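Commentary on secondary and tertiary structure
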Amino acid sequence: MHTLRSLRLRMNAVNPVGDLIKRFLTQQETSTALRPFYFAVHPDLFGNYPEEKTTNEESLKILNSYIQTLWVPSNNAKPVSLKFYIRLNNNDRKLKEVNVNLLSLDARTLVRDILKACELPLEYVESIKPKSSPTDEHNIRWHPSFHDFFGKTNPNMGNFRKNVTPTLSSWLRLNLDVADQLSTANHPVLKENTSITDDMIESLRVTDVEWNCNWGPQQFNSCLKSFDRLYQQHKNERFISALRGHVLSFCNATGVCFNGKINLSSDDVPQNWINLLISLPKHMNTLRQLPEMERRVSVLLNGIQIGRRENIVMVDEYSKQLTRLIHTLESDTTGHIEGAVRHVQLVVESAAGPLTVSRSGQILIPFSCPGFLVKNFIQQKKEEAFTMMRDYRYYLAKENDILQKCKDKLELLSLRRDQSLSSVNVIKCCKRLINNPEEIGVSLKGKKLKISQFYSIMQDGEIVIPCNWRGHS
């Protein structure tokens, strides 16, 4: 039984979201406050533990999507429990499993819960004084536990998450107007972003300008304008010619990626962008050398395919990894591979972790692994890897096909999926949407839809639904 004191500690006096933003943390304050947490769980720290690394990658994607919804009016994001792994006292051999429950509607409480779960310092959060709010104290909307404690009916129950998962149609009816309002409100900035990116593509002759951060269109707009100012102030022909023909990507790291994308971190100061742009010719020279280095690795391993994952790996780092692996394989005289392996794909990984086969059927090889172990592992896993890759490509093709059919059937403006989901779950979700229009209950024509693991409305009006949404039956 809860005491009144403990109840007070658990209650959230939640004002409408517009006031909540003013009263608690801004997006920038939230990002800064969580920086120690991001450092503690960053997937690159867990190269020795591929399963834990994957868990942290997928949990971070869900967490970042959840955080973004905190600044969305009438947010009804479903509570989520996430698992993370952290290292104990920077000891690479001892990991601790941490469960983080995303339950709070305000950023301050959420950040505190996350940091406390990981035993990280709270000084920065505590140093930010709550902003004053003009909200009338008599209009406070108490947490449901307040009404439960006193046995009263909650007049604002519709504004809180309920224990019973809503049906897809009921949730859409409650939130479709919010999505329309956000879409309309963000239309001017989205239109401006498109105009700026089109101008950049034409003037710089880049193939595309991408936004690969979890923040909304306003932050993308700020990055675009910052870059445009740099371009106008420093029209350096050297980096302009180096940009030509490449993708310019605003993301979470600055550098030239091994896939040729030129990445600019949205958190970096403009001077760091300038430093990268000036040094582009050197990085591009390294980039041109990668295919020949990969071909050499393939030759040393009986013609195995060399693939790449979607991780952000910079060209200089990847070049060093390939050089190290080539030297290791050339020096090895004991390991061997029998039979053809041209149908198998190998990926060179950055960390000294265990050899493994990914869910997509790629054989993951740490660049520092001894040559005989690499060859023996390929010999043992080549058939399994081929089968897994064949199945993965089969379901991926089915997924892409049904995503397009679902987009056309519902007349959506866009349809995408969370990368943490399996193709099987995405296919099942799309089939249910196509075959059961009565479960949707409303028209989604012209809407943006994302299949994920919870309900939410994003800043730009995109509608997020769980892949296992509940129907009426």
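Residues numbered from 1 in each chain as written. Predicted model: local features only at pLDDT ≥ 70, side-chain atom pairs only at ≥ 80, totals over all residues. Heavy atoms only, no water.

**Focus on the overall build of the protein**
From N to C terminus, the protein includes 17 helices and 14 strands. Among the 473 residues that make up the protein, the fraction classed as buried is 47%. Total accessible area on the protein is roughly 24,300 Å²; 50% of this is exposed by carbon and sulfur atoms. (Helix = DSSP H or I, 4+ residues; strand = E, 2+ residues; numbered from the N terminus. Buried < 20%, exposed > 50% of the residue type's maximum accessible area, 1.4 Å probe, protein only. Areas by Shrake-Rupley, 256 points an atom, 1.4 Å probe, with all protein chains shown as cover.)

**A look at a nonpolar patch on the surface**
Together, Tyr394, Tyr395 and Val424 give the surface a local cluster of nonpolar side chains, amounting to about 280 Å² of exposed area. Residue Tyr394 is classed as partly exposed on the basis of its relative accessible area of 47%. (Patch = residues over 30% accessible without salt bridge, like charges linked within 9 Å, V, L, I, M, F, W, Y side chains within 5 Å. Salt bridge = Lys/Arg side-chain N within 4 Å of Asp/Glu carboxyl O.)

**Quick word on the packing of aromatic side chains**
Here the structure, examined in full by the defined rule, presents 10 aromatic pairs. When the centroid spacing of 5.1 Å and the interplanar angle of 85° are considered together, the rings of Phe37 and Phe84 count as edge-to-face. Here Phe84 lies in strand E1 (residues 80–88) and Phe37 lies in helix H4 (residues 35–41), a separation of 47 residues in the sequence. The exposure class of Phe84 is buried, given its relative accessible area of 0%. Centroid distance Tyr394 to Tyr395: 5.1 Å. Interplanar angle 75°. Geometry classified as edge-to-face. Look at Tyr395 and you get partly exposed, because its relative accessible area is 35%. An aromatic cluster of three or more residues is present, and its members are Trp211, Phe220, Phe227, Phe250 and Trp273. One cation-aromatic arrangement involves Arg308 over Phe258; the distance from NZ or CZ to the ring centre is 5.3 Å. A cation over a ring is seen here: Arg432 above Trp469, with NZ or CZ 3.7 Å from the ring centre. (Phe/Tyr/Trp six-rings, centres within 6.5 Å; stacked < 30°, edge-to-face > 60°. Lys NZ or Arg CZ within 6 Å of the ring centre and 35° of its normal.)

**Looking at the pattern of salt bridges**
In the structure shown here, the tally under the stated rule is 19 salt bridges. A salt bridge links Lys53 to Glu349; the nearest nitrogen and oxygen atoms lie 3.8 Å apart. Linking Lys53 in helix H5 (residues 50–68) with Glu349 in strand E8 (residues 345–349), this pair joins segments that are 296 residues apart in sequence. Of the two residues examined, Lys53 and Glu349, each falls in the buried class. Close ionic contact of Glu462 with Arg416 constitutes a salt bridge, the shortest N to O distance being 2.7 Å. Here Arg416 lies in strand E11 (residues 414–417) and Glu462 lies in the loop between strand E13 (456–457) and strand E14 (463–466), a separation of 46 residues in the sequence.

**Things to note about a negative patch on the surface**
On the surface, Asp198, Asp199, Glu202 and Asp228 cluster together into a negatively charged patch. By the element assignment, Asp198 lies in helix H9 (residues 168–204). Using a relative accessible area of 43% as the deciding quantity, one classes Asp198 as partly exposed. (Lys, Arg positive; Asp, Glu negative; His and termini not counted. Charge placed at Lys NZ, Arg CZ, Asp CG, Glu CD.)

**Notes on helix H14 (residues 315–331)**
In this model, H14 (17 residues) spans 24 Å end to end at C-alpha, consistent with the 24 Å of a helix rising 1.5 Å per residue. Val315, Tyr318, Ser319, Gln321, Leu322, Leu325, Ile326, Thr328 and Leu329 are the residues of H14 that are buried. Buried positions along H14 lie against strand E5 (255–256), helix H13 (280–300), strand E7 (305–307), E8 and helix H15 (371–410). (Expected span 1.5 Å × (residues − 1). Contact = heavy atoms within 4.5 Å.)

**With respect to unusual backbone geometry**
The phi angle of most residues is negative, glycine excepted, and most peptide bonds adopt the trans form. Backbone geometry at Asn302 places phi at a positive 60°, although glycine is not the residue there. Along the chain, the position of Asn302 falls in the loop between H13 and E7.

**A closer look at the packing of H15 against helix H16 (residues 423–435)**
When two helices pack together, their arrangement is captured by the angle between the axes and the distance separating the axes. For the pair H15 and H16, the least separation of the axes is 9 Å and the interaxial angle reads 25°. The orientation of H15 with respect to H16, classified from their angle, is roughly parallel. Both H15 and H16 take part in a crossing whose hand is left-handed. Along the contact surface, H15 presents Tyr395, Leu396, Lys398, Glu399, Ile402, Leu403, Lys405, Cys406, Lys409 and Leu410, while H16 presents Ser423, Val424, Val426, Ile427, Cys430, Lys431, Leu433 and Ile434. Considered class by class, the residues forming the contact of H15 with H16 number 12 nonpolar, one polar and five charged. (Axes fitted to C-alpha atoms, helices over the stretch in contact; angles between N-to-C directions. Parallel < 35°, antiparallel > 145°, perpendicular 65-115°, else oblique. Left-handed = near helix turned anticlockwise from the far one by under 90°. Nonpolar A, V, L, I, M, F, W, Y, C, P; charged D, E, K, R; others polar.)

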